[in-house]
Amino acid sequence: MVQIQVKSQAGDQQAGGFGPAPELQDRLGQLFGFQFPQGMPQEQAPTRGALGSGFIIDASGLVLTNNHVVEGATDVTVQLSDGRELPGKVLGRDPKIDVAVVQIEGGGRFQPIQWGDSDHIRVGDSVFAMGSPFGLGNTVTSGILSARGRDLGAGPYDDFLQVDAAINSGNSGGPLFDARGNVVGINTAILSPSGGNVGIGFAIPAHMARQVAQQIAEHGSVQRGRIGVSLQTLTPEVAQEMGVKEGKGALIAGVEPGGPAASAGLASGDVVENFAGQPIADSRDLARAVAAAKVGAHVPVKVLRDGRLLSFDLPIGTDRTANS
């Protein structure tokens with residue numbers, strides 16, 4: 001685990017604000033019926049000014065952290081667990097899932113973390129959150145995985161792990177470990193009317209963060225799959241009217257003319273039930289599956305149309321997230 005100190009044009013106090021971004025705060029308030037206090041605490045420390053956390057994912061010195069920790073940074077310093085402070089360079093950021101990659105400059109080779117399996121960690125399994133709360137240095141808190149697949153309205157690919165391990169200001173970007181000491185998530189946000197820990201924290205799943213980090217490290221940007229459709233929620237009433245069994249699937253509300261879906265033959269009103277051999281539960285499920293698909297590939301899909309199950313060969317286009 002490392003600490004990340006950031007300077008920006010607005011000054012240290014404005015860099016790397018902790019926890020939910022304003023739009024996420026609004027969404028959480030709508031979901032849970034309260035308002036956040038004015039001025040969420042910043043990722044700051046009383047002495048060393050450590051504004052966030054991160055962890056090394058490659059021996060060359062690649063550090064994974066949250067986008068909101070380094071957004072707007074003009075100067076980044078990485079403090080290692082042995083006390084060394086080395087300059088860092090932001091290689092790329094992905095605001096859509098709040099991930100960023102920093103390259104440590106100098107210092108030789110480093111010991112990377114080991115990735116865990118965030119796809120199969122179970123609700124109730126033990127987890128350990130590591131970070132630098134309030135700039136106090138390496139700190140570990142323990143708890144359990146409280147829930148999976150949380151959609152907080154923060155972005156189109158929300159799939160948060162919910163944990164009850166204490167997460168506070170300074171923990172953003174730190175690793176979430178399983179009982180074997182492997183990283184299964186990145187500590188990202190808390191739900192709290194007071195700004196302090198109340199036992200509801202959220203982490204980005206490791207499988208999602210790892211894929212994005214690899215693309216940033218190789219290309220400096222993130223390339224996601226795109227098929228050119230708009231989706232809407234398949235309500236029980238609509239599902240019954242369309243004859244969709246179990247009410248599962250992603251309802252296509254519109255198709256972009258000339259886009260990948262249009263060229264494959266998909267149409268408005270189709271319900272996607274299977275994508276690349278995987279069943280689709282809802283529109284969020286399809287959005288994540290498309291985003292993870294390889295650009296340029298052709299993927300088999302099955303859709304329900306007028307009571308018939310049809311198969312299509314769907315080309316995957318590109319939706320590129322820029323470096324900044």
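Residues numbered from 1 in each chain as written. Predicted model: local features only at pLDDT ≥ 70, side-chain atom pairs only at ≥ 80, totals over all residues. Heavy atoms only, no water.

1. Quick word on helix α6 (residues 283-292)
Residues lying three or four places apart along an α-helix face the same way, a consequence of the helix completing one turn every 3.6 residues. Turning to α6, its buried residues are S283, L286, V290 and A291. On an axial view of α6, the arc spanned by its buried residues comes to 130 degrees, and they lie on one face. Here the buried face of α6 lies against β13 (222-226), β14 (229-232), β15 (250-255) and β16 (271-275). (Buried < 20%, exposed > 50% of the residue type's maximum accessible area, 1.4 Å probe, protein only. Helix = DSSP H or I, 4+ residues; strand = E, 2+ residues; numbered from the N terminus. Arc of directions from axis to C-beta. Contact = heavy atoms within 4.5 Å.)

2. Some remarks on the sheet that holds strand β2 (residues 52-58)
Strand order in this closed barrel of 6 strands is β1-β2-β3-β6-β5-β4, and the pairing throughout is antiparallel. Adjacent strand axes in the sheet meet at a mean angle of 40 degrees when their direction is disregarded. In this structure, strand β4 (residues 73-79) lies alongside strand β5 (residues 85-94), joined through 4 bridges in antiparallel fashion. For T77, the partnering residue across the bridge sits in β5 and is P87. Across the sheet, helix α3 (residues 206-219) touches β2, β3 (62-65), β5 and β6 (99-104), and the angle it forms with β5 is around 105 degrees. (Pairing = 2+ DSSP bridges. Axes fitted to C-alpha atoms, helices over the stretch in contact; angles between N-to-C directions.)

3. Re the confidence of the model for the chain
Any residue range with low pLDDT should be treated as having predicted coordinates unsuitable for detailed reading. Per-residue confidence for the chain averages 84 on the pLDDT scale, and 85% of its residues sit at or above 70. Segment residues 11-20 is flagged for pLDDT under 50; beyond a separation of four residues in sequence, or across chains, it makes 42 contacts in the model. Across residues 30-50, where pLDDT falls below 50, the model places 61 contacts with residues more than four positions away in sequence or in other chains. (pLDDT = per-residue confidence, 0-100.)

4. Some points on the nonpolar core
Within the largest apolar cluster, 28 residues are counted, with the highest numbers of intra-cluster contacts made by F55, I57, L64, V99, W115 and I204. At the level of secondary structure, the elements contributing two or more residues to this core comprise β2, β3, β6, β11 (183-190), β12 (201-205) and α3. Per-element accounting of this core gives the leading share, 6 residues, to α3. If sequence neighbours within four positions are ignored, F55 has contacts with V2, L62, V63, L64, I113, W115, G173, G174, P175, V183 and I186. With 19 residues, the next largest nonpolar core counts A250, F275, L286 and V301 among its residues. (Core = buried A, V, L, I, M, F, W, Y, C linked by side-chain atoms within 4.5 Å.)

5. Brief notes about the sheet that holds strand β9 (residues 160-163)
As summarised here, the arrangement of the 6 strands in space is β7-β8-β9-β12-β11-β10, forming a closed barrel in which the pairing is antiparallel. Within this sheet the neighbouring strands show an average axis-to-axis angle of 45 degrees, counted without direction. Where strand β7 (residues 126-131) lies against strand β8 (residues 139-150), 6 bridges are found, and the strand directions are antiparallel. Looking at the pairing, V127 lines up with G143 of β8. Seen against the sheet, α3 touches β11 and β12 and runs at an angle of roughly 50 degrees to β12.

6. Thoughts on the pattern of salt bridges
This model, assessed by the stated rule, comprises 6 salt bridges. Ionic pairing is found between R84 and D82, a salt bridge with its closest N-O pair at 2.9 Å. What makes D82 exposed here is its relative accessible area of 51%. For R122, the salt bridge is made with D125, and the minimal N-O distance between the two is 3.4 Å. (Salt bridge = Lys/Arg side-chain N within 4 Å of Asp/Glu carboxyl O.)

7. Digging into the side chain of T77
Following the sequence through the fold, T77 ends up in strand β4. With sequence-adjacent residues up to four places away left out, T77 is seen in contact with Q3, I4, Q5, E85 and L86.

8. Describing the environment of Q278
Counting through the fold element by element, Q278 comes out in strand β17 (residues 278-279). In this structure Q278 comes out as exposed when scored by relative accessible area, which is 52%. Linking Q278 and P300, residues 22 residues apart in sequence, is a C-alpha distance of 9.9 Å.

9. A few points about the packing of aromatic side chains
Under the counting rule described, the total for this entry stands at 2 aromatic pairs. Here the aromatic rings of F55 and W115 are separated by 6.1 Å at their centres, their planes lie at 70 degrees, and the arrangement is edge-to-face. Of this pair, F55 sits in strand β2 while W115 is found in the loop between β6 and β7, placing the two residues 60 residues apart along the sequence. Neither residue differs from the other here; F55 and W115 are each classed as buried. (Phe/Tyr/Trp six-rings, centres within 6.5 Å; stacked < 30°, edge-to-face > 60°.)

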